[in-house]
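Residues per chain are reported as follows:
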Protein chains: 2
Amino acid sequence: MNELEGLSPDVAARLTKARERVIDSIGKNMDLYGITQSVGRMYGYMYFHNGPVTLDSLSASMGMSKTSMSNGVRTLLDLKMIDKVWSKGSRKDQYEVVPDWYANFSDFFSIRWRKAVEANMSAMSRSLREIRELMAEAGAEDERLQSLLKSDEAKINEAMKYYRWLLRLIEALETGKIFELVPKEEE
Amino acid sequence: MNELEGLSPDVAARLTKARERVIDSIGKNMDLYGITQSVGRMYGYMYFHNGPVTLDSLSASMGMSKTSMSNGVRTLLDLKMIDKVWSKGSRKDQYEVVPDWYANFSDFFSIRWRKAVEANMSAMSRSLREIRELMAEAGAEDERLQSLLKSDEAKINEAMKYYRWLLRLIEALETGKIFELVPKEEE
DNA sequence: TCGTTTATAAATTATTTTCTGTACGTTCTT
DNA sequence: AAGAACGTACAGAAAATAATTTATAAACGA
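Residues numbered from 1 in each chain as written. Chains lettered and ligands numbered in written order. Predicted model: local features only at pLDDT ≥ 70, side-chain atom pairs only at ≥ 80, totals over all residues. Heavy atoms only, no water.

### Topic: the protein's contact with DNA strand D
Line of reasoning, step 1. Not every one of the 15 residues close to DNA strand D is listed here, only the nearest: S38 and S68 of chain A together with S70, K92 and D93 of chain B.
Line of reasoning, step 2. Within the side chain of S68 of chain A, one N or O atom sits 2.6 Å away from a phosphate oxygen of DNA strand D.
Line of reasoning, step 3. In the environment of DNA strand D, a phosphate oxygen lies 3.5 Å from a nitrogen or oxygen atom belonging to the side chain of K66 of chain B.
Line of reasoning, step 4. No other element matches helix α4 (residues 66–78) of chain B, which puts four residues into the surface near DNA strand D.
Line of reasoning, step 5. Residue composition of the surface near DNA strand D, by class: two nonpolar, seven polar and six charged. (Near = heavy atom within 4 Å. Polar contact = N/O pair within 3.5 Å; in protein donor to acceptor, adjacent residues only side chain to side chain. Helix = DSSP H or I, 4+ residues; strand = E, 2+ residues; numbered from the N terminus. Nonpolar A, V, L, I, M, F, W, Y, C, P; charged D, E, K, R; others polar.)

Next up, the structure:
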């Protein structure tokens, strides 16, 4: 809060309160990104801080241990929501937010969804193959088994179709094609 | 597993294994929907089960308490991933999956995202108003304060722009307009 | 090279979430 | 009306997750 130094106490308090409200809300809703509330608040704090922050300054303003800050910073780095920046003269690592929320959004969901889709498609492909083997081995005379297999096959095919759609959606996010359908605002 | 009754043990085992692989994968990846792995497995089981299931049958096949099944069923109902169906002759409640995964997807993310966006926009609007009050009160002579307020204002405006974009994306999901950009496969 | 400062790893503690067993209210059957 | 079957609320046990403290490693300056 160094930058509020020297303001009238009333003004400083009111600005802090205004910021705090937003930081709090961001913190609460960051669970969309699978992030803990305290890491979310940390991000909110960094968002409003002008210029990069250090682990120590984070620790001080969050009232939490430096180790926790170290962990939190790592998760935000992994999500590409913040960057480590180099700053002359300081031995401490410095961090600041990546302000492109559109990219944050796309990156996060692309990665998560893709991971899930790929895992499920892989399992389903494997099982589909086995089910078809069973169909071939069984022969047409075993009607009950054949219809059972047929129904499983159909379910998997249906799911695969959906996953292929989701992959296309992910691609639209990754390539930015999504902005053709849902454009950003004009400047 | 009643429906596998009467099959050769070898065939039954192989089919079970094929299903189990998929159920397992679904269960593991259901955390995208904020769902516990065991509830995810429950869903997977229901997905492959032909016809509706009861709490008792779920309990038996999952090897978990009936209370857990009751809770799990409720969360899946809330997410509209399963429906309670009526079935003549049985006093037990019966459930089956809603097979429209596109709708599941849209519903879930629309609701989640909308909730977060609305909360954050509301907090930001309030704070933006207060910041503008401060700007007006301060007068132009206090340059340092004005530039501080200006920078906060800009950050909030930037965020709001992003949220309006996200709202439009949510709308595209809700109305199905998303399928214009990313169409489902032809039949 | 040695002492300092910074960042992270490992172990511990605290908190939250998930699961189970019991108990209770409701609905159906007789 | 009594008894049985069913679903769920509740409280506590078990498991998983988050945060802290302590200890170690890496980077830097003298």
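### Side note on the side chain of R21 of chain B
Line of reasoning, step 1. Mapped onto the elements of the fold, R21 of chain B is located in helix α1 (residues 9–29).
Line of reasoning, step 2. On the basis of relative accessible area, R21 of chain B is assigned to the buried category, the value being 17%.
Line of reasoning, step 3. Leaving out residues up to four positions away in the same chain, R21 of chain B has contacts with A123, R126, S127 and E130 of chain A. (Buried < 20%, exposed > 50% of the residue type's maximum accessible area, 1.4 Å probe, protein only. Contact = heavy atoms within 4.5 Å.)

### Observations regarding the protein's contact with DNA strand C
Line of reasoning, step 1. The environment of DNA strand C is made up of 15 residues, and the closest members are S70, K92 and D93 of chain A together with S38 and S68 of chain B.
Line of reasoning, step 2. Sugar and phosphate atoms form 72% of the subset of DNA strand C atoms that lie within 4 Å of the protein.
Line of reasoning, step 3. Residue T67 of chain A places a side-chain N or O atom 3.4 Å away from a base nitrogen belonging to DNA strand C.
Line of reasoning, step 4. Within the side chain of R91 of chain B, one N or O atom sits 3.4 Å away from a base oxygen of DNA strand C.
Line of reasoning, step 5. For the surface near DNA strand C, the elements supplying multiple residues, two or more each, are α4 (66–78) of chain A together with α4 of chain B.
Line of reasoning, step 6. No other element matches the four residues that α4 of chain A contributes to the surface near DNA strand C.
Line of reasoning, step 7. Each residue belonging to the surface near DNA strand C can be placed in one class, and the counts come to two nonpolar, seven polar and six charged.

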